[in-house]
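# Tertiary structure, described
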Amino acid sequence: MKSHPQSNPPVKRGEQLFPRRLGSFTSTAAGADMATTGSVHLGAVDLHCELNNTEHHTEEIGTERLIVRRGQAFRVSVEFRRPAFVDDKDQLKLFLDTGPSSSEAGRIRIEAVKSTAKRGKWTYNVEPARGILHLTVRSPANACIGLYKMQLLFYPSGGEGLQQIVAGTFHLLFNPWCKEDSVYLADKDLLEEYVLNENGILYRSICLPLLWNFGQFEKDVIDICFEILDNSLSALNEPSSDALKRCDPCYISRILTAMVNSNDDKGVLSGRWDGEYDDGTPPTKWNGSLPILRKWSSTGAERVRYGQCWVFAAVACTVLRCLGIPTRCVTNYSSAHDCDGNLKVDHYYKSDDCTRTLPSRKDSVWNYHCWVESWMTRPDLPSGFDGWQVLDPTPQERSDGIFCCGPCPVKAIKEGHLDINYDAVFIFAEVNADVVYWFVNKDGTKRELLVKQNQVGTQIVTKSAFSDKRENITLNYKYPEGSKEERDIYSHAGKTIQPNNTQYQNLKVKIKQVYAVLGSDFSVYFEIANNGFIHRDIQMVLSATAITYSGAILKEICKRSTKFVLKAASEKKEVLRLRYEDYGEYLSEHNLIRLTAMLLTEDMSEVSLKEKEVVLKVPQLAVKVDGEPILHKKLAVQIKFVNPLPISLTRGVFSVEGSGLTDLQQIESPIATINPGEEVVVTVTITPTKTGLRKLIVDFDSNRLRNAKGFANIIVRGA
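Predicted model, so just to flag it, every value in this text is computed and none were measured. Throughout this description, residue numbers start from 1 for each chain and increase along the sequence as written. For a predicted model such as this one, the threshold for reporting local features is a pLDDT of at least 70, and the threshold for listing and counting side-chain atom pairs is 80 or more; totals across whole chains, interfaces and linings nevertheless cover every residue. Side-chain numbers here rest on the full set of heavy atoms in the structure, without hydrogens or water.

### Overview of the overall build of the protein
- Put simply, DSSP H or I for four residues or longer makes a helix, DSSP E for two residues or longer makes a strand, and each gets a number counted from the N terminus. A count of helices and strands for the protein gives 13 helices and 42 strands.
- In this treatment the radius of gyration is a C-alpha quantity, and the globule benchmark scales as 2.2 Å times the residue count to the 0.38 power. Its C-alpha atoms give the protein a radius of gyration of 30 Å, near enough to 27 Å, the size a compact globule of 719 residues would have.
- Projected onto its principal axes, the C-alpha coordinates of the protein cover approximately 110 × 60 × 45 Å.
- In what follows, residue pairs with any heavy atoms lying within 4.5 Å of each other are defined as contacts. If you take every contact in the protein between residues at least 6 apart in sequence, the share linking residues at least 24 apart comes to 68%.
- Here the protein displays about 29400 Å² of accessible surface, and carbon together with sulfur accounts for 49% of that area. Only the protein chains shown count as cover for residues, with accessible areas throughout obtained via the Shrake-Rupley method and a probe of 1.4 Å.

### So, helix α6 (residues 249-259)
- Whether a residue is buried, partly exposed or exposed follows from its accessible area with a 1.4 Å probe, protein chains only, as a fraction of its type maximum: under 20%, in between, or over 50%, in that order. For α6, a buried count of 11 out of 11 residues is recorded, marking the element as mostly surrounded by other parts of the structure.
- Considered for burial, the residues of α6 that qualify are P249, C250, Y251, I252, S253, R254, I255, L256, T257, A258 and M259.
- Here a polar contact means two N or O atoms within 3.5 Å. Within protein one must be a hydrogen donor candidate and the other an acceptor candidate, and residues neighboring in sequence count only if both atoms are side-chain atoms. You can read the cap of α6 off the contacts: a side-chain oxygen lies 2.9 Å from the backbone nitrogen of C250, and it is on D248.

### Here we look at the sheet that holds strand β2 (residues 66-69)
- In this description, strands pair whenever DSSP reports at least two bridges between them. The strand order across the open sheet formed by five strands is β2-β10-β9-β4-β5, and the pairing between neighbours is mixed. Strands with a single pairing partner mark the edges of an open sheet, and in this sheet they are β2 and β5 (108-111). Adjacent strand axes in the sheet meet at a mean angle of 35 degrees when their direction is disregarded.
- Pairing of strand β9 (residues 146-155) with strand β10 (residues 163-173) involves nine bridges; the strand directions are antiparallel. Looking across to β10, one finds that L153 is bridged to Q164. Between the N-to-C directions of two axes lies an angle of 0 to 180 degrees, each axis being a line fitted to C-alpha atoms and, for a helix, fitted only over the stretch in contact.

### Some points on the side chain of T318
- With respect to the helices and strands, the residue T318 is situated in helix α8 (residues 309-323).
- In this structure, T318 is in contact with F214, Q216, V221, S289 and L293, ignoring residues within four places of it in sequence.

### Considering the confidence of the model for the protein
- Looking at the protein as a whole, its pLDDT mean stands at 90, while 91% of the residues score no less than 70.
- As a per-residue quantity, pLDDT reports the predictor's confidence and falls between 0 and 100. Long-range and interchain partners of residues 1-7, a stretch whose pLDDT sits below 50, account for 19 contacts in this model, where long-range means more than four residues apart.
- Throughout residues 500-504 the model reports pLDDT below 50, and contacts reaching past four residues in sequence, or to other chains, amount to five contacts.

### Things to note about the pairing of strand β29 (residues 536-547)
- Counting buried positions along β29 gives 10 out of 12 residues, so the element sits mostly inside the fold.
- As consecutive antiparallel partners, β29 and strand β30 (residues 553-566) are separated by five residues, and within that stretch G551 has a phi angle of approximately 95 degrees, a positive value.
- Here β29 runs beside strand β32 (residues 592-601); their pairing, made up of 10 bridges, is antiparallel. Pairing of A544 across the sheet is with L595, part of β32.

### What about the environment of V456?
- Within the element layout of this structure, V456 appears in the loop between β24 (446-452) and β25 (459-463).
- Under the relative-accessibility criterion, V456 is labelled buried at 1%.
- The spacing of V456 and D434 is 22 residues in sequence and 7.1 Å in space, taken between C-alpha atoms.
- Excluding residues that lie within four positions of it along the chain, V456 makes contacts with S334, A336, V365, A429, E430, V431, N432, A433, V435, K478 and E481.

### Structural notes on the layout of surface pockets
- Any residue with an atom within 4 Å of a point lines the site, the site being either a cavity, points on a 1 Å grid over the protein atoms alone where a 1.4 Å probe fits but cannot get out, or a pocket, an open set with protein on both sides within 12 Å along at least 5 of 7 lines. Grid points are joined across faces, edges and corners, and a volume is the space filled by probe spheres set on the points. Counted as a void, the second largest pocket has a volume near 880 Å³.
- As for the second largest pocket, its lining consists of 34 residues, and the residues nearest its centre are G275, Y277, S702, N703 and R706.
- Gly is placed with the polar residues, together with every amino acid not listed as nonpolar (Ala, Val, Leu, Ile, Met, Phe, Trp, Tyr, Cys and Pro) or charged (Asp, Glu, Lys and Arg). Residues of the lining of the second largest pocket, tallied by class, amount to 12 nonpolar, 12 polar and 10 charged.

Here it is as structure tokens:
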């Protein structure tokens, strides 16, 4: 990975032109460009943080400071120390400062218009009351998000001299509740899930959902989100230009796909896929985004080690939801990584022993790959491409010279519009690429064995907005396999449609296995069929290989090669027995084994190839809550782990976290060496800080077993 650029020190949000927090306070003198002369007429300011934040759906972040959404009014009250405010004579003006610097050159100053009707401008209205001026302030629906400072300038009708005060600071976010905002989402249930839900489910291997704590409304997250934007290459190199572009969710989201990874900048996460994590945290150990974001911020924008695709996606989801952009995490099963843009992925086997070999190029098919979708309009594109946009922060290929990907309309992928911004070709290949299998001879020559057109993008899923179940969204990305529409799209995308070749239809193979638990021995069953009308001389090669989820080969666990005659219209069954002592030490943290069956006729006129990837299950942790969950009251939680492996475990560590329940806690196992079948019980204390349904997520890691997870739903009531 590239080291961070040294030309610009990291920007901390507290080093910006405004302080982070503000309650009601006494007015003070402001910048040198304005002065206070004569009597003091404006006094203390009340930002009505609790009222405004509640109306703007930001109260979960807190009510100690003002956090509002664009395109929606908020209220401010100012103490007024004159007998009355004469509306047509007394002058009160509102100025707003934002931008990257407190200097004159960097500051962006906006003068609000005194009006209740103007659209597209900052406006305010004054309602005098006895001793108080009530201001209603409204931002335009396309205002730049960020931190703002309000200044009030009062010039009384009697000519006593002007007064200028700092009326406070506030954060402005995108507003998916506002019809004029480009991130507007009409369905309230979807807003509840894709903006307000601090917990979610990520889908990795097909049967292993992972609970995740997004935590976008924890108090410090909003500051970290803007800190991430402030440390982007665009903000560091062209700060004023960057600040003016922060009105555009397309721009913001693309910046974030670059900043969540650390390949080119002061980004958040460093990726690693080789299993060597001793100088950081294994990606499977993370349960939420908060520890990652807080560690990045607290270390001065030093990259956090390590992440993989679901971690990159989840952190991006946290930041985007915090900023107000509706976002969901998406998983694509059998996801192609096409390096050269030819919409094909090549797999190679040695011709002499049918062993899978690594290609010189990095084309691969991942067991799964995660990205996010964000909801927004795309005025930069022709009509028809609004809605869900693919964003992929995992550093795979460069786009415009840096590791970022998207936003790309999901509709563009489905319809094969590969000329649409951004990165449509790469994303289209992830869900549509052909897989081409080759035999490589000893002299380096190769010949094509077969092409599989339905092996990539087999299922694309996300968490349902209405339950904790998965929602299949494959048809959002592609027409049904084999349909006329699908073939037309391929043609439109410039992809050559391979004709169906009936010569491969006679030999068939199926792979089945029993429920496989990590630590156990288990059997794999291969059902081989000759559906033709003649006997065939068959060479059969069966193998099991430990792999990573990105498709990298770790170790061939076992292999069997036999020759036999398979009679016409007959079947044959074979069994491979996989023992823990053979596979245990070679597994990645994802516990994946690829099963392969290859059938070849003696004259090589027919080839049948079947691959299946098996995820070995890890038993869940048992989590028990002891007592009634009450706001701000300590609560004991018991966690139980039983070693499922036939070997002893050491260096056991439990991790616990949950939005509104507890920050990350880590507890070492009280038993140093955990023997096979031995039980370990730990008790942790949490103190809920938010009411309602909350999820406590727990994890156990050790020297030889990772990724043991558990959770508890906890309903917290008020004190």
